[in-house]
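Chain residues, written in single-letter form:
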Amino acid sequence: MKKTLLLKVDSQDPEIEKIRIAAGFIKNGGLVAFPTETVYGLGADALNPNAVLALFKAKKRPLDNPPIVHVGSVKKVYKLAKEAPTKAEKLMKSFWPGPLTLIFKRSEIVPDVTVAGLDTIAIRMPRHNVALALLRRSSCPIAAPSANLAGKPSPTTAKHVLDDLDGRIDAVLDAGSTHIGVESTVLDMTVDPPQILRPGGTPYEDLKKILVKVELHPVAVAEKEVPVEKARSPGVKHKHYAPNAEVILVEGEVSAIKGKIKELAKFYMRKGNRVGVLATDETADYYKADVVKSLGSRSDLAVIAKNLFRLLREFDSEGVDVVIAEGIPLEGLGLAVMNRLRKASGYKIVKANSFR
Ligand code: TXA
Ligand code: MG
């Protein structure tokens, strides 16, 4: 056990002394959790193999699932990647800093452990002043997976980070809740047309405007487990986003979802389970369960994305056995939310039909 230092910082204008302390840890091979616009990341010097190894250990993350490497400027990409296609340059101009991770062929300077032995590397420039200040002070690229124990919902507050990692990391920079709440979109630029491996904070529709041609890899929209050999993004074959409670996802038209969830909640409560329903503002009053939580209005997917991981964690702290979650439309940020919910459920998906 180490002592984990909690460093509260201003999210817009972070205090330089605190950034200096955090950067000191990174430069010495330590581990620092920090906020980005999506979720909190757990950072280590991406070019220091021992630091990256310690990062995997602290998270209990399987060594075959590489982290995203964060940079403070586009210039750094040309050192870490073998080549940057013109399309990637266009995307960096349009979306960086921001919630878009690009996969490139990697250069020789990147240690094997950082990319889990792959010949590619995932890179992004986060849009958060604390993350950018840390990157600039540390003057190295920072490998940073989400700062949760492997398999748990990603952290959107410093408290979530400490709930999972207190005593396992050197410090956490606390700048309050993150804005977006789901992780970055992972886009593979080594294939043509580029493929979305993980839907996230940059919607498919926005990428399509710039790229014209962009594909969704089957894993990004999977409704059941994809065979490992087909799963190009290594992360997809591991358990993800799961609270301790069993999660059941109900998909379909809202009216049909309501009926189905009511029925399921009754069934599980009768069996003696403590049942939670993950609802929306439009439907929350309708349910009878031990705990009902609303993600927000169906007309504001940004709010739903922002609340998702926090609410999944809250169900655990309230000792719920089964969470029955409402599906939302697969558009905009809804695609990322549904990808997380499907994985959290271990693909226990119930289709609600409106015909009678
Ligand atoms: O928003 C985010 O992306 C957050 C914040 C902290 O930046 N980070 C994050 O990292 O979500 P992580 O490690 O939890 O997820 C990284 C994803 C995993 O699904 C991993 O398999 C994939 O990116 N990935 C990393 N390197 C890859 C590569 N070379 N090829 C394909 N997928 C890769
Ligand atoms: Mg993660």
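Just so it is clear, the structure is predicted and the values come from calculations on it, not from any experiment.

What to know about the overall build of the chain
Then, number 1: Counting its regular elements, the chain contains 10 helices and 16 strands.
Then, number 2: Expected size for 356 residues packed as a compact globule is a radius of gyration near 21 Å; at 20 Å, the chain falls within 12% of this value.
Then, number 3: Taken over the C-alpha atoms alone, the chain extends approximately 60 × 45 × 35 Å along its principal axes.
Then, number 4: For the chain, the residues scored as buried account for 57% of the 356 residues in total.
Then, number 5: Across the chain, the fraction of contacts at a sequence separation of at least 24, relative to all contacts at a separation of at least 6, is 68%.
Then, number 6: Within the structure as shown, the chain displays about 15,100 Å² of accessible surface, and the carbon and sulfur contribution to it stands at 51%.
Then, number 7: One finds the centroid of the 54 positive side-chain charges in the chain at a distance of 2 Å from the centroid of its 41 negative side-chain charges.

Digging into the packing of aromatic side chains
Then, number 1: A full pass over the atoms with the stated rule returns two aromatic pairs.
Then, number 2: Note on Tyr286 and Tyr287: the rings are 5.8 Å apart at their centroids and 75° apart in plane angle, and the pair reads as edge-to-face.
Then, number 3: Tyr286 gets classed as partly exposed once you look at its relative accessible area, which sits at 34%.
Then, number 4: Tyr287 sits in the buried class, given a relative accessible area of 7%.

Side note on the pattern of salt bridges
Then, number 1: With the rule as written, the count across this model stands at 18 salt bridges.
Then, number 2: In this structure, the salt-bridge partner of Asp174 is Lys8, at a minimum N-O distance of 3.2 Å. Here Lys8 lies in strand S1 (residues 5-8) and Asp174 lies in strand S8 (residues 171-174), a separation of 166 residues in the sequence.
Then, number 3: Using a relative accessible area of 52% as the deciding quantity, one classes Lys8 as exposed.

Some points on the environment of Gln195
Then, number 1: When you line up the elements, Gln195 lands in strand S10 (residues 195-198).
Then, number 2: In this structure, the C-alpha to C-alpha distance between Gln195 and Glu314, residues 119 residues apart in sequence, is 34 Å.
Then, number 3: There is a polar contact of 3.2 Å between the side chain of Gln195 and the side chain of Glu215.

Considering the confidence of the model for the chain
Then, number 1: Per-residue pLDDT for the chain averages 95, and the proportion of residues at 70 or more is 95%.
Then, number 2: At the low end of the mean pLDDT range in the chain sits strand S16 (residues 349-352), at 94; at the high end sits strand S2 (residues 32-35), at 99.

Side note on the sheet that holds strand S15 (residues 322-326)
For sheets, the rule is that strands pair by backbone hydrogen bonds, running either parallel or antiparallel.
Then, number 1: Read from one edge of the open sheet, five strands run S14-S13-S15-S12-S16, paired in parallel fashion. In this open sheet, the two edge strands, each paired with only one partner strand, are strand S14 (291-294) and S16. When the angles between neighbouring strand axes are averaged without regard to direction, this sheet yields 20°.
Then, number 2: Bridge count for strand S13 (residues 275-279) against S15 is four bridges, and the pairing is parallel. Counted as the bridge partner of Gly276 is Val323 from S15.

Overview of the pairing of S10
Then, number 1: Strand direction decides the pairing type here: strand S9 (residues 185-188) and S10, joined by three bridges, are antiparallel. Following the sheet pairing, Asp188 is matched in S10 by Gln195.
Then, number 2: A loop of six residues connects S9 with S10, the two strands running antiparallel in sequence.
Then, number 3: Across two bridges, the pairing between S10 and strand S11 (residues 215-216) is parallel. Bridge pairing in S11 places Ile196 opposite Leu216.
Then, number 4: Running through helix H7 (residues 204-211), the crossover from S10 to the neighbouring parallel element S11 is right-handed.

Some points on the nonpolar core
Then, number 1: Leu42, Leu91, Trp96, Leu102, Phe104, Leu173 and Leu187 are the most contacted members of the largest nonpolar core, which totals 63 residues.
Then, number 2: Not counting residues within four places of it along the chain, the set of residues in contact with Phe104 comprises Val77, Ala81, Glu83, Ala84, Pro85, Ala88, Met92, Asp119, Thr120, Ile121, Ile123 and Thr190.
Then, number 3: Counting residues in each nonpolar core, the second largest holds 28 residues, with Leu308, Leu311, Val323 and Ala325 among its members.

As for the packing of helix H1 (residues 16-27) against helix H5 (residues 129-138)
Then, number 1: It is at 9 Å that the axes of H1 and H5 come closest, and there the two elements cross at 55°. By the angle between their directions, the pair H1 and H5 is classed as oblique. As H1 runs across H5, the sense of the crossing is right-handed. The segment H1 lies against H5, with Ile16, Ile19, Arg20, Ala22, Ala23, Ile26 and Lys27 engaging Val130, Ala133, Leu134, Arg137 and Ser138.
Then, number 2: In terms of residue class, the contact of H1 with H5 is built from eight nonpolar, one polar and three charged.

The rules behind the values
- Residues numbered from 1 in each chain as written.
- Chains lettered and ligands numbered in written order.
- Predicted model: local features only at pLDDT ≥ 70, side-chain atom pairs only at ≥ 80, totals over all residues.
- Heavy atoms only, no water.
- Helix = DSSP H or I, 4+ residues; strand = E, 2+ residues; numbered from the N terminus.
- Rg over C-alpha atoms; globule rule 2.2 N^0.38 Å.
- Buried < 20%, exposed > 50% of the residue type's maximum accessible area, 1.4 Å probe, protein only.
- Contact = heavy atoms within 4.5 Å.
- Areas by Shrake-Rupley, 256 points an atom, 1.4 Å probe, with all protein chains shown as cover.
- Lys, Arg positive; Asp, Glu negative; His and termini not counted.
- Charge placed at Lys NZ, Arg CZ, Asp CG, Glu CD.
- Phe/Tyr/Trp six-rings, centres within 6.5 Å; stacked < 30°, edge-to-face > 60°.
- Salt bridge = Lys/Arg side-chain N within 4 Å of Asp/Glu carboxyl O.
- Polar contact = N/O pair within 3.5 Å; in protein donor to acceptor, adjacent residues only side chain to side chain.
- pLDDT = per-residue confidence, 0-100.
- Pairing = 2+ DSSP bridges.
- Axes fitted to C-alpha atoms, helices over the stretch in contact; angles between N-to-C directions.
- Right-handed = clockwise from strand over helix to strand, strands pointing away.
- Core = buried A, V, L, I, M, F, W, Y, C linked by side-chain atoms within 4.5 Å.
- Parallel < 35°, antiparallel > 145°, perpendicular 65-115°, else oblique.
- Left-handed = near helix turned anticlockwise from the far one by under 90°.
- Nonpolar A, V, L, I, M, F, W, Y, C, P; charged D, E, K, R; others polar.

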